[in-house]
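# Structure assessment
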Amino acid sequence: MSAPGILLHQFGNEQEAPKLELAPREVIKKQRERNSSEPRRVEIEMNIVAQSNGSARVKLGNTEVICALRLLARGAYDEIVQCEIECLPGLEEIEIRDVVTKAIKATIITERLPKVRLSFHFVFLGIDGGEASACIAAASVTIAAAGVECLALV
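Below you will find a few notes about this structure. Per chain, residues are indexed from 1 in the order of the written sequence. Totals for whole chains, interfaces and linings use all residues, but because this is a predicted model, local features are given only for residues with pLDDT of at least 70 and pairs of side-chain atoms are given and counted only at 80 or more. With hydrogens and water set aside, each side-chain value is computed from the structure's full complement of heavy atoms.

### Observations concerning helix α3 (residues 131-146)
Quick reminder: α-helices carry 3.6 residues per turn. Residues three or four places apart thus point the same way. Stated formally: Numbering of helices and strands runs from the N terminus; a helix is a DSSP stretch of H or I covering at least four residues, while a strand is a stretch of E covering at least two. The span one expects for a helix is its residue count, reduced by one, times 1.5 Å. Each residue is placed in one exposure class: buried if its accessible area under a 1.4 Å probe, protein chains only, is under 20% of its type's maximum, exposed if it is over 50%, and partly exposed if it falls in between. Residues count as neighbours in contact if any of their non-hydrogen atoms are within 4.5 Å of one another.
Compared with the 22 Å implied by 1.5 Å per residue over 16 residues, the 22 Å span of α3 between its first and last C-alpha is a close match. Buried within α3 are the following residues: Glu131, Ala134, Cys135, Ile136, Ala137, Ala138, Ala139, Ser140, Val141, Thr142 and Ile143. In this structure, the buried residues of α3 make contact with β3 (42-46), β4 (54-60), β5 (63-73), α2 (93-107) and β7 (116-126). At the C-terminal side of α3, Gly147 shows a positive phi close to 75 degrees.

Dropping the structure here:
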């Protein structure tokens, strides 16, 4: 089954996009271990990295990530939240980092941390969709484990 071509407009010229071959729904369904209506299995562990102020391991289905938080001194031009993500091949590290950073910044009370930088380090052990959600959940648990004041856990 072919998807219809998409008409693109580039600088006044019309070009037809290449046709894409889609996998039949049955093939996609066989690759999953769960139905799309079933929630992913969730596992959470706190304080698993000794050299951090707080840490967590979160597993959502087959997506697994470890998050460690270090509370560091902040310079005049440092961001209050810094996220570093070690991705497995096939992930968009920059996109995930931006989403996770925005979620964290929206929850912490920055006025209570005038000279502190929150340095998050994420390491993926497995990927199977929901990577940003797994990072945000791990960051929330890590923030709680470190005792950082926040408005809410995401």
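From this point, things continue past the structure.
### Considerations on the sheet that holds β4
Put simply, the test is: DSSP-based pairing: two strands are paired if at least 2 bridges between them are found. Geometry is summarised by axes, namely lines fitted to C-alpha atoms with helices restricted to the contacting stretch, and by angles between N-to-C directions that run from 0 to 180 degrees.
An order of β3-β4-β5-β7-β6 is seen for the five strands of this open sheet, with the pairing classed as mixed. In this open sheet, the two strands that pair with only one neighbour each are β3 and β6 (81-86). When strand polarity is set aside, the average angle formed by the axes of neighbouring strands in this sheet is 15 degrees. Relative to β7, β6 runs parallel, the two being bridged by six bridges. Across the sheet, Gln82 pairs through a bridge with Ser119, a residue of β7. The strands touched by α3 are β3, β4, β5 and β7; relative to β4, the strand with the most contacts, the crossing angle is about 150 degrees.

### Regarding the side chain of Ser52
Put simply, the rule reads: Throughout this description, a polar contact denotes any pair of N or O atoms lying within 3.5 Å of each other; where both atoms belong to protein, one of them has to be capable of donating a hydrogen while the other can accept it, and for residues adjacent in sequence the pair is counted only when both atoms sit in side chains.
Here Ser52 lies in the loop between β3 and β4. A polar contact of 2.8 Å, which involves the side chain of Ser52, links it to the backbone oxygen of Val49. Those residues within four positions of Ser52 in sequence are excluded, and the remaining contacts are Ala68, Leu69 and Arg70.

### Quick notes on empty space enclosed by the protein
A probe matching the size of a water molecule, rolled over the atoms, marks out where space remains unfilled. In plain terms, the rule: Put simply, the grid is 1 Å and covers the protein atoms alone, a cavity is a trapped set of points that fit a 1.4 Å probe, a pocket is an open set with protein on both sides within 12 Å along at least five of seven lines, and lining residues have an atom within 4 Å of a point. Grid points are joined across faces, edges and corners, and a volume is the space filled by probe spheres set on the points.
On inspection of all chains with the given rule, the structure shows one cavity of 30 Å³ or more. As a volume, the largest cavity reaches approximately 50 Å³. Of all the secondary-structure elements, those providing two or more residues to the lining of the largest cavity are α2 and α3. The element contributing the most residues to the lining of the largest cavity is α3, with four residues.

### Observations concerning a nonpolar patch on the surface
Operational definition: Residues enter a patch when their relative accessible area is above 30% and they make no salt bridge; the linking distance is 9 Å between like charges and 5 Å between nonpolar side chains (Val, Leu, Ile, Met, Phe, Trp, Tyr). All accessibility values rest on the Shrake-Rupley procedure with a 1.4 Å probe; residue burial counts only the protein chains present in the view. Definition used for salt bridges: Asp or Glu carboxyl oxygen within 4 Å of a side-chain nitrogen of Lys or Arg.
The grouping of Val42, Ile44 and Met46 at the surface amounts to a nonpolar patch, some 280 Å² of accessible area in total. Mapping Ile44 onto the fold places it in strand β3.

### A look at the nonpolar core
Our working rule: By nonpolar core is meant a set of buried Ala, Val, Leu, Ile, Met, Phe, Trp, Tyr and Cys residues that side-chain atoms within 4.5 Å join together.
Membership of the largest hydrophobic core comes to 28 residues, with the highest contact counts inside it found for Val65, Val100, Ile104, Leu118, Phe120 and Phe122. The set of elements that each furnish at least two residues to this core consists of β4, β5, β6, α2, β7 and α3. Apart from the residues within four sequence positions on either side, Val100 is in contact with Cys83, Phe122, Ala132, Cys135 and Ile136.

### Some words on the pairing of β4
Taking burial as the measure, the seven residues of β4 include six buried ones, the bulk of the element. Bridge analysis of β3 against β4 gives five bridges, and the strand direction is antiparallel. Its bridge partner being in β4, Glu43 is matched across the sheet by Lys59. The pairing of β4 with β5 spans seven bridges and is classified as antiparallel. Paired with Ser55 across the bridge in β5 is Ala68. Here β4 folds back onto β5 in antiparallel fashion, the turn holding two residues, of which Gly61 has a positive phi close to 65 degrees.

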